Each structure stands twice: as structure tokens, then as C-alpha cells.
Amino acid sequence: MTNPWTDIKNTDLVIVMGGNAAEAHPCGFKWVTEAKAHRGAKLIVVDPRFTRTASVSDYYAPIRPGSDITFLMAMINWMIQNDKVQWEYVKNFTNAPFIVKDEFGWSDGLFSGYDPEKRDYDKSSWDYVIGDDGFAAVDMTLQHPRCVWNLLKEHVSRYTPELVEQVCGTPKDRFLHIAEMIGACSAPDKTMTSMYALGWTQHSKGAQNIRGMAMLQLVLGNIGVRGGGMNALRGHSNIQGLTDIGLMSNLIPGYLNIPTEKEADWATYMSSREFKPLRPGQTSYWQNYPKFMVSFMKAMWGDAATVENDWAYHYLPKLDVPTYDILRMFELMKAGKITNYFCQGFNPLLAFPNRAKLTEALSKLKLLVIMDPLETETARFWENHGEYNEVDPAAIQTEVIQLPTTCFAEDDGSLVNSGRWLQWHWAAGTPPGQSKRDTWIMSQIFQRVRKLYQDEGGIFPDPILNLTWDYADPEEPTAEELAKEMNGRALKDVYDLKDTAKLLTPAGKQLLNFSQYRDDGSTMGGCWIFSGCWNEDGNMMARRDNADPDDSGMFPNWTYAWPLNRRVLYNRASADMQGKPWDPSRKLMEWDGEKWAGYDVPDIAPTSKPGEVGPFIMNQEGTSRLFTRGMMRDGPFPTHMEPFESPIANPFNPEMRGNPVARVFVDDAEQFATSEEFPLVATSYRLTEHFHYWTKNNRINAALQPEFFVEISKELAAEKGITKGGMVRVWSKRGSIKARALVTGRIKPLQCGDKLVHVVGIPLHWGFVGAARKGFGPNSLTPFVGDANVETPEFKAFLVNIEPATGEAVS
Ligand SMILES: Nc1nc2c(c(=O)[nH]1)N[C@H]1C(S)=C(S)[C@@H](COP(=O)(O)OP(=O)(O)OC[C@H]3O[C@@H](n4cnc5c(=O)[nH]c(N)nc54)[C@H](O)[C@@H]3O)O[C@H]1N2
Ligand SMILES: Nc1nc2c(c(=O)[nH]1)N[C@H]1C(S)=C(S)[C@@H](COP(=O)(O)OP(=O)(O)OC[C@H]3O[C@@H](n4cnc5c(=O)[nH]c(N)nc54)[C@H](O)[C@@H]3O)O[C@H]1N2
Ligand SMILES: [Mo]
């Protein structure tokens, strides 16, 4: 989230599109209720189903799964056509004035540079015109035909309310009503907040859905302000922390990244990461990358990382492909190229797409180690459950070892919530039975692997032998020790960079925050963005002062928000070019004549005068981006793409299937169905009464939602002869499930042009372990395909068929 949960109360308009916050984030959703009470805010919901969030909304519109880009581009078009643009913001705080190369273009649903053989783009034309001075050319009057604003205008002109009706199935009058409501928020003193989750991410073009809304928010001037923002409602309680500390195959903590094979040495690696500003006088904060990276290397390898050996750069693995995401890992298991799998806190057999393929992949393993407090379906993948893709347990040779772990309630530590707050928590129970903390198990594994290297040598023992392991009890680091390590500490005395005689932090002490990180080896720090969370003032994450000056919603002394306890990202954009708040009644930051002051920690230098430095210091432009250069693999603007399985052809290119640069494996080309065979659109979702696959172990939750069901419209039930509460079989090209039919008025067929589209809703909480009745959720059916940028599987739009059935959910 750009803004904290508590800031939602400051908004005038909430749009929940691509999520179901009342159901999946019921605690955070109270801030929407606050906004309604506090400011008379309105709530819009756009969802294929009339959800629990929709039931408390002011206005609802249905949408066909996987068609949101069309809706959002049409919304931007409407804003431009109706002059609902926050002009001062757009001109100064976005890249609207930047001039783009002549070679850039779009036709037939594709941008310039597409190579069908590689299924990838050559992105060189997606760039600005760079002048002789090394800076990007701009036209502040926005008259230049090749400036980003005019290219955007042309791009979105194709998306009309009529196209929305045809592609999305959203009635035109509903779209226009929502446009009027949103358009009001282009006024400098009106804000809208966007709350989204998986309804947008779980598509083969998920990242572009989100960009679509981010661009709309920029056009309205709603980023960096109170009550605005792009608010990703994260899933598991610490999933924000997962990405923050780099638990992705291509990341290092703090959104630094793992080198690629092409980056053989430190200098080559750094050359593409120390981003120079693209406009005069801009900050471009990533120029500090070497400080963050060197401090990370010192945290990892201490004295073994030296300036002479490029900070032990050769210890880091180098990627031969862009990522080893989960889809790729299963692909490699299936091909017999991965034989051992440590599965920690993950139940892929229920959580990942195409159960038949996953079962086949797991069957090829020699060793599967499960670290989990519960028994999971994945640990028992070899059992013969379900009515399709039967497996023969006797033929599976995989050895499965289960290591029982504790869960969060039995550990101390911090959780990072969606609003980037690092909140410390204390163990509330003692670990039952033989369970051990994850940290203990991992320490044991590390110590034993290190011992093997010590005793037997190996091809490359140095990174393991030299890993820093200076914990008081080497058998298990404490949460406190790990948190302090992530904050960082001075290895030598740290001095001010300008006033070089001024000692900031003496050797051995915790660093104040990442402003004290250095690239000369004098500091160490495991995760720069977290730095400040545990300095010499103590554990800032354990702070529990709930004072909220001026009712601003910032709660500055409650826990610690990264970065630097900043509550709203890009908060300089909350004030105009003179530094006056756009809305004085919702002041966040203000220029007081000498410095930036207000209710938050400014995200530009506190004394930098208005007009000098742009609010988006993480970008080379100093501005936000309506057009991205090389950042997105599938286009600098979002363009409509159908899901891989769709009842409708892409109107811009009827031959195109899905996202032309999405993650698809060659083996899987045959997995996709057509709408002739499978005419119904399925989507999957969660219920408040369950948390994924854990709560089915709990009798109370199991009793609240005891049995697997699928949700269909009355019209579809009548057409297929399905009765309310009767059994149905739902099948796709990849598998088949049985469930009880929930026949409801909450799902309605959508009229998309001349095609009537039926939607089948499939909740995901059932399996074959636990107290609830057996059932197989959506992932017996879903396709093995992922988003082009972040490889999230396409769980939210695929094709199925349905018929009445007999028997039980699992026969
Ligand atoms: N009680 C409970 N709470 C949870 C969880 C849980 O299991 N139980 N899980 C947590 C986790 S890990 C996560 S990631 C979050 C997920 O939170 P959400 O994303 O809010 O949850 P979902 O129910 O998966 O999907 C949200 C909605 O997206 C809609 N949708 C599907 N396709 C589309 C589309 O193409 N466009 C649009 N506009 N909408 C679409 C669905 O109909 C559904 O109502 O919830 C978290 N909270
Ligand atoms: N079709 C479809 N599929 C989906 C989704 C969808 O919307 N539709 N949503 C996707 C999403 S967003 C998510 S997040 C996944 C969820 O999928 P998973 O993350 O696989 O499911 P969970 O059941 O939440 O958690 C996995 C395991 O973590 C264990 N666990 C809990 N605490 C600890 C701990 O402290 N240590 C260890 N070692 N283990 C612990 C739990 O007991 C549980 O067995 O499902 C994904 N799959
Ligand atoms: Mo999630």
C-alpha cells in the first residue's frame, strides 16, 4: 500500500475492484466504514460477483473476469474527454511532458518490437528522446505530439463506453455512472482510494491491471495524498515482509536484485543499477544502491567481503533465467531436473494450478521435506484422492519427511502489514509436541551443511564457510538478533558524509537508519528499507503509542513503517508547486518557508525547496510514470489482453491468445481449451469463514463452511437442469471436481456484445486433510500459466463446463 490502512478513513471515495475486502480483509475494511462515517465517503465495487463488499457499497457494477484493462483505459479516456484531470499534478508530478522516441508505436494489440519467436519484446523503442546533455527532452506545455500525454490520449481513445460493454459485459450506464463518481475526485480537494488484491493480480497480465488503476490515480492527482493511493491488500499476515526481505528467487532484501549470468563482475552489475537522474537536479535515490548492497554483503559475509574481492560478489548466485518462480520450479521437478524439495509453510498441491501436473512433478522427486505446523495435502500428495487424474501410490518413490514447526502465535518477531508497518509480536503460547521454530530447523540444517563442507570440502565451500553466524546461541538466532541485523550496525566509526569530522555512530552501535549506510565496508545491514526499526533507541516496532495528531490517520508512534517511519509514500505530492497542501483540511506535508513539515516524514530532503526536487525520488525522472520505459515486459501502457482461456476474441487482434509475453511453458501449449468445448468462465475466491487450507482443521470453521460448493446463476442452473444444493461436476481441459451447487442471484450472466457469458465461482478452501468434508478446489482445473512480469498464476479466469452429478464431492 502507498498509504496505511488507517488513512482510508480520510477518503471521499473508495473503489474496491479486483478484491473483496469485506470478506478477505474484514478487519482492515473497518476503515472504509470509518470513511463513510467520518466524511460521508462513497464505496464503489466492480466484481464479477455481487460480493459481501458489494452488499455494503453505494454502487456496484459487474465485470467479466480478466477484462479490467479495458474498463480502466476507458475510465482514463473518459477523464481526458471530460476534462476531469488534475492538471497541475499531471504536468509537474508525472512524466506526461516527456517526449518519446518516434519508433515507439502500437498496432493490432501489440507494441513496437514484438518478436513472436521469442514471445518477447525488444523494448528499445519504449524510451524517451535523450538530449545531448544526457537528460530526457520534455515539453511542459504538453503540445508536442510525441509527449507521453498525447501518446496516452491516443492510446486510450480506443477504449469507449461501448467497448467496455462489449468486452467487460459491464452495462454502459453503470460504467458512466462510476465515471461521474470517480471524475469528481480530479478536484485537488477530493480524493479516491483504490483497494485491490487478487482479482487483479491473478491474471496473465495482472501487473498491467494494477498499472491501469495507478495511471488513473495519477491523472486524478490521487497519489501521495491523504485518502488516496494504490492500496494492495496483502494476503498472509507477513506476505508484505516476504517480498521486503527478498524471498523471491530474483531478489535480495530491500528490492535489490540477484545478479544475472551476464553480470560477471561487480562493476557490470552496478553499472545498470546506479540510476542517474533523467532531469536536472533530480534526486534518483537508487544512486545509493552501492551503499545498500555493500552493507548487505557485509551482513552476509563480514570480513570475507572486502573491497579487493568486490565484496565477495562471486559468492552470489547468478541467474541464468529471469526468475526461478514457483511455476518454473514445478516445471523443473516434472522434468526430473530438481530432485529434492524443501517445502516450508506452503501447500502447493492445493494452492498452485493444475493439480494433475503438480502431482506428476512431486512424484518425480527423491526427497520432499515439509516444514509445517499442520499436516498438509502436499505432504500426502501420493494418496489416491479425487475422481480424476488418479495416481498409483505404489508407483511413487518420493520420500516425504515432515518437520513439525511452530506457528506465528508461538514465536516472537515482526510482521509487516499491507501498510508497510513492521509490528512486533510476542509469543502467546508454547510450541506443542515435538514442534520446533523455523529458525531452529534452518539453523540446524545450516550447521550440518557447513560441517559437511568443513569435513569434506566441496566445489565452492567459501560462501557457506564464511557466512556470518555470530549469534549468542549458534543453535538458534533469536528474533531480536535477526531484527538488529536487518537494521544494521556500524563496523567502524561512521562519519557524516559532508561534515567529515562529525561522528554519527561509533563502531559497534546500531545505525540510526539507512541514511548511515556506507559503501566503503564500514557498515553492515541486512535489509536497508527496514533500517531504523531497531536502532540505539531500541525496538521501534514494539512501540504502541496510539496518539494521532490532528486526527490525520498517520499514528506516527505506533510501531515502525518502512521506509524511515514514513506513512504515506510520495507524500511531497500532497502539496502543490508552492508547497501548499492541495486540501488544507487534509494537510499531510507543507513547506513552512524553510522546510517540509506536517504529519508525516517527508520523502524528499526536508530542506529542498518546492519546485526543486520531484516527489517521486525512486524514479530517475523525479516524476511518476504514465508511460514506463523498460520496467514492464508487456508494454509501456496497459493494452487489453484476454485471459489464456476466454469466450471472447481480443477485439484488437482476434488471433492473439492471452498475454503474448506471459509465462507459458512449451509443454503446456496443449493445455488451453476453446470456448466451443468449455463455454463457461470460472473464477476462484475465498470466504471469511476460512483461511486457505488451515482452518479446515478447526471444527468451528469447518462447521461454519463445511462443504465445497460452486456458485452459479439461476439462469445457468435452469439451462443445465441444476438444482439448488444438488451435486454438480465441473471440469476443465485439465481436471474435474464435484461440488454442491449454490444457485444464486449474486452472479448474473453478462452480455458481452452478442455473446452471453456465464460465470462460475469456485471457493478454494477444501482438501482431503482436516475436519471439513473432502473436496477439491479450483486448482484441479486451473491452467499452468503466469503473469508476464511477476509469474502469478492465472487463477481468476479460465474455462470450464458444468453438469448435474450424483454422489459426494470426492468419490
Ligand atoms: N478469511 C480469509 N481472509 C483472507 C484469506 C483467506 O483465505 N480467508 N486469504 C488472504 C490472502 S493470502 C489473500 S492473497 C487475500 C486475497 O484477497 P482478495 O483478492 O480480496 O480475495 P479473493 O476472494 O481471492 O478475490 C477477490 C475478488 O476478486 C474477484 N474477481 C475475480 N476475477 C476478477 C476480475 O477479473 N476482475 C475483478 N475486478 N474482480 C475479479 C472475485 O470475484 C472475488 O470477489 O485475502 C487474504 N484474506
Ligand atoms: N485457484 C486459486 N488458487 C490460489 C488462490 C486463488 O485465489 N485461487 N490464491 C493463492 C494465494 S494468494 C495464496 S497466498 C495461496 C495460499 O496457499 P498456501 O500459502 O500454500 O496456503 P496456506 O494454507 O495459507 O499456508 C501454507 C502452510 O503454511 C503453514 N504455516 C503457518 N504458519 C507457519 C509457520 O510459522 N511456519 C511454517 N513452516 N509453516 C507455517 C500452514 O500450516 C499451511 O499448511 O493460494 C494460492 N492459490
Ligand atoms: Mo495470498
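As named in an unreviewed UniProt entry, the protein is Formate dehydrogenase major subunit, taken from Paracoccus aminovorans. Quoted verbatim from the Sequence similarities (unreviewed entry) field of the UniProt record, the comment on the protein reads "Belongs to the prokaryotic molybdopterin-containing oxidoreductase family." Entered under Subcellular location (unreviewed entry) in the UniProt record, the comment concerning the protein runs "Periplasm".

The next subject is helix 9 (residues 206-219). For helix 9, spanning 14 residues, the distance from its first C-alpha to its last is 21 Å, which sits close to the expected 20 Å at 1.5 Å a residue. Burial runs high along helix 9: 14 of the 14 residues are buried. Within two residues after helix 9, Gly 221 carries a phi angle of roughly 70°, on the positive side.

With that out of the way, let us pick up the sheet that holds strand 1 (residues 13-17). Taken in spatial order, the five strands of this open sheet run 3-2-1-8-9, and their pairing is parallel. Strands with a single pairing partner mark the edges of an open sheet, and in this sheet they are strand 3 (59-61) and strand 9 (230-232). Across the sheet, the axes of successive neighbouring strands diverge by a mean angle of 20°, strand direction being ignored. With four bridges joining them, strand 1 and strand 8 (residues 192-196) adopt parallel strand pairing. Directly across from Leu 13, in strand 8, lies its bridge partner Met 192. Strands strand 1, strand 2 (42-46), strand 3 and strand 8 of the sheet are contacted by helix 7 (residues 172-183), whose axis makes an angle of about 135° with strand 3.

Below, the discussion takes up the domain arrangement of the protein. Accessible area lost during the coming together of the parts is what is often quoted as the interface size. As far as domains go, the protein holds domain 1 (5-237), domain 2 (239-288 + 296-416 + 421-460 + 538-561) and domain 3 (663-804). In this structure, domain 1 and domain 2 have C-alpha centres spaced 31 Å apart. The partner domain 2 presents 16 residues to the 16 residues of domain 1 that form the contact. Between domain 1 and domain 2 lies a buried interface of about 1,400 Å² when both sides are counted; carbon and sulfur atoms form 55% of it. Across the salt bridge formed by Asp 551 and Lys 9, the nearest N and O atoms sit 2.7 Å from each other. Taken together, the connections running from domain 1 to domain 2 amount to seven residue pairs in polar contact (both at pLDDT 80 or more). Classifying every residue of the side of domain 1 that touches domain 2 gives six nonpolar, six polar and four charged.

Below, the discussion takes up the site of ligand 1. Taken together, the neighbourhood of ligand 1 is formed by 32 residues, with Ala 24, Asp 47, Gly 66, Arg 686 and His 690 sitting nearest. Contact distances for ligand 1 include 2.6 Å between a nitrogen atom and a backbone N or O atom of Ala 24. Here ligand 1, which alone exposes 920 Å², has 95% of that area covered by the protein. Its residues assigned to classes, the shell around ligand 1 comprises 11 nonpolar, 15 polar and six charged. Here the shell around ligand 1 gathers at least three residues from each of two domains, domain 1 (5-237) and domain 3 (663-804).

As recorded in UniProt, the feature "domain: Molybdopterin oxidoreductase" (unreviewed entry) lies at residues 1-381. End-to-end, the C-alpha atoms of residues 1-381 are 36 Å apart, and along that stretch the chain is 34% helix and 12% strand.

Right, let's talk about the sheet that holds strand 16 (residues 421-425) for a bit. Reading across from one edge, 15-16-23 is the order of the three strands in this open sheet, with antiparallel pairing throughout. The outermost strands of the open sheet, each flanked by one partner alone, are strand 15 (413-416) and strand 23 (560-561). Where strand 16 and strand 23 come together, two bridges link them in antiparallel fashion. Residue pairing across strands places Leu 422 opposite Tyr 560, the latter belonging to strand 23.

This part takes up the pairing of strand 1. Burial analysis of strand 1 places five of its five residues in the buried class, the great majority of the element. Where burial is concerned, the two faces of strand 1 agree: the one with Leu 13, Ile 15 and Met 17 and the one with Val 14 and Val 16 are both buried. By the bridge criterion, five bridges tie strand 1 to strand 2 in an arrangement that is parallel. Its bridge partner lying in strand 2, Met 17 is registered against Val 46.

Attention now goes to the UniProt feature "domain: Molybdopterin dinucleotide-binding" (unreviewed entry) in the protein. Listed under "domain: Molybdopterin dinucleotide-binding" (unreviewed entry) in the UniProt record, and renumbered for this structure, are residues 680-798. A helix fraction of 11% and a strand fraction of 31% characterise residues 680-798, whose end C-alpha atoms lie 8 Å from each other.

Quick notes on the rules
- Residues numbered from 1 in each chain as written.
- Chains lettered and ligands numbered in written order.
- Predicted model: local features only at pLDDT ≥ 70, side-chain atom pairs only at ≥ 80, totals over all residues.
- Heavy atoms only, no water.
- UniProt positions renumbered as here; feature names shortened; annotations may be inferred.
- Helix = DSSP H or I, 4+ residues; strand = E, 2+ residues; numbered from the N terminus.
- Expected span 1.5 Å × (residues − 1).
- Buried < 20%, exposed > 50% of the residue type's maximum accessible area, 1.4 Å probe, protein only.
- Pairing = 2+ DSSP bridges.
- Axes fitted to C-alpha atoms, helices over the stretch in contact; angles between N-to-C directions.
- Contact = heavy atoms within 4.5 Å.
- Domains from an automatic or database assignment.
- Buried area = accessible area lost by both parts, 1.4 Å probe.
- Salt bridge = Lys/Arg side-chain N within 4 Å of Asp/Glu carboxyl O.
- Polar contact = N/O pair within 3.5 Å; in protein donor to acceptor, adjacent residues only side chain to side chain.
- Nonpolar A, V, L, I, M, F, W, Y, C, P; charged D, E, K, R; others polar.
- Near = heavy atom within 4 Å.
- Areas by Shrake-Rupley, 256 points an atom, 1.4 Å probe, with all protein chains shown as cover.

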